[in-house]
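What follows is each chain in one-letter form.
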Amino acid sequence: MAEGLSIHDGIDAMAAFLARHPRTLVLTGAGLSTASGIPDYRDRDGVRRGRLPIQGPEFRRDVAVQQRYWARSMVGWPLLARARPNDGHRALAALEAAAKLGFILTQNVDGLHQQAGSHALLELHGNIHHVSCLACHARFPRAFVQTQLEFANPALLQAMAAPLPDGDAALDPDAVTGVAIPACVHCGGVLMPDVVFFGDNVPPARTACALAQMEAADALLVVGSSLMVYSGFRFCRLAQAAGKPIAAINLGRTRADDMLSLKLEATAEQILPQVAQLLGANRPAPPSDLIDHRGTM
């Protein structure tokens, strides 16, 4: 919670912030989805947990790296596929429906904003529920690719591994060797998740859209992100340069702590539903089983 503020005062302050800035741009990160059972990347000091992630360039050039990725994803993806929006996602959707915020940029690839009913949304890093062929650019549902993986690698069906962010799993390295990786059913090309890997850049058109939303906004609210990745932190720098106030809801420190006019050290699912209620944004979100995983751009 913000220094000197009780939780109730913090909720009042956040509601007042959004009331003063009805075109607030919301930037969300992995901390928003932890209440949905998806692990996040960093601890409360912003330090990354575990080994470095696979880099995009090495995935595209190295079959062994592709085997490692798809083996771990086969084991870890079902947890992410079963995840459903939490009260934080639903509160943001309700605030959008009541015109109490401007737009949402998310660094998450889990598709939970769409399931919660958000529409004014841009997925900066793509959507893990889609896969593309690097050769012919055909696009497939990730669920379809899971059937390919399970058919070709039945021994992995019983593998046990601790879940990691974005559908990854801490699989024993010995289990990765010899894994049959999926191929495009149209051309036999290499399949790659339709997300921005580390070492790759956000597509220019997506970046242009995000920057336009920052320009149109009258404030910035960061939810569940330490902002240690520059693709998110840049929006704080842009907001500060334009004299637009920045608020944050995040457990632990962020890279932009010295830029914030309001910070609540709490979880989104704890704060946002009560903020939405104060602002009269009480529209119930649609049932998650009626929302599919189609991404928005």
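All values derive from a computational prediction rather than experimental measurement.

1. Digging into the UniProt feature "active site" (unreviewed entry) in the protein
And then number 1: Listed under "active site" (unreviewed entry) in the UniProt record, and renumbered for this structure, are H125.
And then number 2: Looking at the element boundaries, H125 is found in the loop between β3 (121-123) and β4 (126-133).
And then number 3: Those residues within four positions of H125 in sequence are excluded, and the remaining contacts are T106, Q107, V109, D194, V195, V196, V202, R206 and S231.

2. Details of unusual backbone geometry
And then number 1: In this structure, H137 takes a positive phi of about 70° despite not being glycine.
And then number 2: Mapping H137 onto the fold places it in the loop between β4 and β5 (139-141).
And then number 3: In this structure H137 comes out as exposed when scored by relative accessible area, which is 63%.
And then number 4: The backbone of L227 shows a phi angle near 65°, a positive value even though the residue is not glycine.
And then number 5: Mapping L227 onto the fold places it in the loop between β9 (219-223) and α8 (230-241).
And then number 6: The class for L227 is buried, based on a relative accessible area of 1%.

3. Some words on the sheet that holds strand β10 (residues 246-249)
And then number 1: Taken together, the six strands give an open sheet; going across it, the order is β3-β2-β1-β9-β10-β11, and neighbouring strands pair in parallel fashion. At either end of the open sheet lies a strand with only one pairing partner, and these are β3 and β11 (262-264). On average, each strand axis in the sheet is inclined to that of its neighbour by 15°, with strand direction left out of account.
And then number 2: The strands touched by helix α7 (residues 204-216) are β1 (24-28), β2 (103-106), β3 and β9; relative to β3, the strand with the most contacts, the crossing angle is about 140°.

4. Brief notes about the UniProt feature "binding site: Zn(2+)" (unreviewed entry) in the protein
And then number 1: Mapped onto the present numbering, the UniProt feature "binding site: Zn(2+)" (unreviewed entry) falls on C133, C136, C184 and C187. Considering the C-alpha atoms alone, the annotated residues occupy 55 residues of sequence yet fold into one spot, their largest mutual distance being 8.6 Å.
And then number 2: Here C133 shows up in strand β4.
And then number 3: Given a relative accessible area of 1%, C133 falls into the buried group.
And then number 4: Among all residues touching C133, those that are not within four sequence positions of it are A138, C184, C187, G189, V190 and L191.
And then number 5: Assignment of secondary structure puts C184 in the loop between β7 (168-170) and β8 (191-195).
And then number 6: Of the residues examined, C184 reaches a relative accessible area of 5% and is grouped as buried.
And then number 7: Not counting the four nearest positions on each side in its chain, C184 is found in contact with C133, C136, A138, F140, G189 and L191.

5. Some details on the environment of M259
And then number 1: Along the chain, M259 turns up in the loop between β10 and β11.
And then number 2: When the C-alpha atoms of M259 and I246 are compared, they prove to be 6.9 Å apart, with 13 residues separating the residues in sequence.
And then number 3: Not counting chain neighbours up to four residues away, the residues in contact with M259 comprise F233, C236, R237, Q240 and I246.

What counts as what
Residues numbered from 1 in each chain as written. Predicted model: local features only at pLDDT ≥ 70, side-chain atom pairs only at ≥ 80, totals over all residues. Heavy atoms only, no water. UniProt positions renumbered as here; feature names shortened; annotations may be inferred. Helix = DSSP H or I, 4+ residues; strand = E, 2+ residues; numbered from the N terminus. Contact = heavy atoms within 4.5 Å. Buried < 20%, exposed > 50% of the residue type's maximum accessible area, 1.4 Å probe, protein only. Pairing = 2+ DSSP bridges. Axes fitted to C-alpha atoms, helices over the stretch in contact; angles between N-to-C directions.

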